[in-house]
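Understanding the architecture of this molecule
Residue-level listing of the chains:
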Amino acid sequence: FIGAFNTLLMVPLLPLTVQELDVTVSEGGLLLTAPMFVGAVASLWAGPAMDRRGRRPLVVAGLLLVGACNLLMAFAPSFWVAVVLRAGTGLGMTALFPATLSAAGEYFSYRERGKAMGLAITAGSSAPLFGVPLGAAIAGLTSWRLALLLGGLLAIALGALLYAKLPHDRPSHAEARAALGVRASLRTVLQHRAVAMSIVSMFFQAGYWFVMVTYIGALFFQRYDVPAWALGGLNSLMALGIMIGANAGGRF
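Everything in this summary refers to the structure shown in the same document. (Residues numbered from 1 in each chain as written. Predicted model: local features only at pLDDT ≥ 70, side-chain atom pairs only at ≥ 80, totals over all residues. Heavy atoms only, no water.)

Attention now moves to the side chain of Thr 89. Within the fold, Thr 89 resides in helix H6 (residues 79-93). Note on Thr 89: relative accessible area 0%, which makes it buried. At a separation of 2.5 Å, a polar atom in the side chain of Thr 89 contacts the main-chain carbonyl oxygen of Arg 86. Leave out the neighbours within four places in its chain, and Thr 89 touches Asn 6, Pro 35, Val 66, Cys 69 and Asn 70. (Helix = DSSP H or I, 4+ residues; strand = E, 2+ residues; numbered from the N terminus. Buried < 20%, exposed > 50% of the residue type's maximum accessible area, 1.4 Å probe, protein only. Polar contact = N/O pair within 3.5 Å; in protein donor to acceptor, adjacent residues only side chain to side chain. Contact = heavy atoms within 4.5 Å.)

Here it is as structure tokens:
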């Protein structure tokens, strides 16, 4: 939820943010691409790091970093400071999605894994369905800075909660030594055709979200005069379709 919320909240907030920071919409796209680029590079190390240290420390540290960067961005004095802070949120989100996938594989049997993944995707889709429209409404009625401030506080609160409640899963010394490094992990994945094709599929999925969806809020705001507080509804419609498809697909 926090990962999707942090990423997609900038879609309806983009028109307001670029207006106040005095940049164009195309330049403002860096506020979405910067965290994705940093996250993509750092993700190569996130999986091996979790194999060696467990999910808990990376997830908790990631949530706290996301929260801190959002809190600071609420007071960002310039566009480039905001871009750097958004890149920091991308680094913080690096471990969240891999941790969800690995937890579903570890805690659920193969027969139940599809259902578990469907529920996990539902949690992520609930962010654009409920959280993003609420954040967009707050930004449109008050300020985009307040929306980010509240999002940062939410991430920090969840990080503290998971620190207290998430099971300790630190691998044994032997398991940590046997964990694959980055290059070995890549070789293993690329040799498995089904996994490699899944990665290709996710590449096109990410292209949809961060090429088309990035600017859809700005399009409706500038061309069709849709008020900023209502832009989150665009995300809600897409999220509803994802939730239905994810749960049906998981059960199939």
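Having put the structure on the table, let's press on.
Along the polypeptide, Met 212 turns up in helix H12 (residues 193-212). Overall, Met 212 belongs to the exposed group, its relative accessible area being 56%. A sequence separation of 145 residues divides Met 212 from Gly 67, and the C-alpha atoms of the two residues are 26 Å apart.

Counted under the stated rule, the structure contains one salt bridge. In this structure, the salt-bridge partner of Arg 145 is Glu 20, at a minimum N-O distance of 2.8 Å. Here Arg 145 is found in helix H9 (residues 144-165), whereas its partner Glu 20 is found in helix H2 (residues 10-21), with 125 residues between them in sequence. (Salt bridge = Lys/Arg side-chain N within 4 Å of Asp/Glu carboxyl O.)

Next up on the list: the packing of helix H4 (residues 30-53) against H6. In the contact formed by H4 and H6, the axes pass within 7 Å of each other and the chain directions differ by 35°. The two elements H4 and H6 cross, and the hand of that crossing is right-handed. Contacts between H4 and H6 involve Leu 30, Leu 31, Leu 32, Ala 34, Pro 35, Met 36, Val 38, Gly 39 and Ala 42 from the former and Phe 79, Trp 80, Ala 82, Val 83, Arg 86, Ala 87, Thr 89, Gly 90, Leu 91 and Met 93 from the latter. Of the residues in the contact of H4 with H6, the class split is 15 nonpolar, three polar and one charged. (Axes fitted to C-alpha atoms, helices over the stretch in contact; angles between N-to-C directions. Left-handed = near helix turned anticlockwise from the far one by under 90°. Nonpolar A, V, L, I, M, F, W, Y, C, P; charged D, E, K, R; others polar.)

For the rest of this paragraph, the subject is the nonpolar core. The biggest cluster of nonpolar side chains holds 35 residues, and the ones touching the most others in it are Met 10, Leu 13, Leu 31, Met 73, Trp 144 and Leu 148. Take this core: its biggest share by element is seven residues, from H2. With residues near it in sequence (within four places) discarded, Trp 144 still touches Leu 13, Leu 16, Thr 17, Glu 20, Leu 21, Met 73 and Ala 139. In this structure, Ile 2, Met 50, Leu 63 and Ala 155 belong to the second largest nonpolar core, which totals 10 residues. (Core = buried A, V, L, I, M, F, W, Y, C linked by side-chain atoms within 4.5 Å.)

Below, the discussion takes up the packing of aromatic side chains. How two aromatic rings sit relative to each other is given by the distance of their centres and the angle of their planes. One pass over the full model with this rule turns up three aromatic pairs. Ring centres of Phe 79 and Trp 80 lie 5.2 Å apart, and the angle between their planes is 65°; on these two criteria the pair is classed as edge-to-face. Exposure remark for Phe 79: the relative accessible area of 7% places this residue in the buried category. By relative accessible area, Trp 80 is classed as exposed at 56%. Ring plane angle 50° and centroid distance 5.4 Å describe the contact between Phe 220 and Tyr 224, whose orientation is recorded as tilted. (Phe/Tyr/Trp six-rings, centres within 6.5 Å; stacked < 30°, edge-to-face > 60°.)

Attention now goes to the side chain of Thr 94. Along the chain, Thr 94 falls in the loop between H6 and helix H7 (96-107). Given the relative accessible area of 8%, Thr 94 is considered buried. Side-chain polar atoms of Thr 94 contact the backbone oxygen of Gly 90, separated by 3.1 Å. A polar side-chain atom of Thr 94 sits 2.9 Å from the main-chain carbonyl oxygen of Leu 91.

Positionally, Met 36 belongs in helix H4. Residues Met 36 and Arg 52, spaced 16 residues apart in sequence, show a C-alpha to C-alpha distance of 24 Å.

Looking now at helix H13 (residues 216-223). Within H13, the full set of buried residues consists of Gly 217, Ala 218 and Phe 221. The arc that holds every buried residue of H13, seen down its axis, measures 95°, which confines them to one face. Looking one or two places after H13, you find Asp 225, whose phi comes out positive at around 55°. (Arc of directions from axis to C-beta.)

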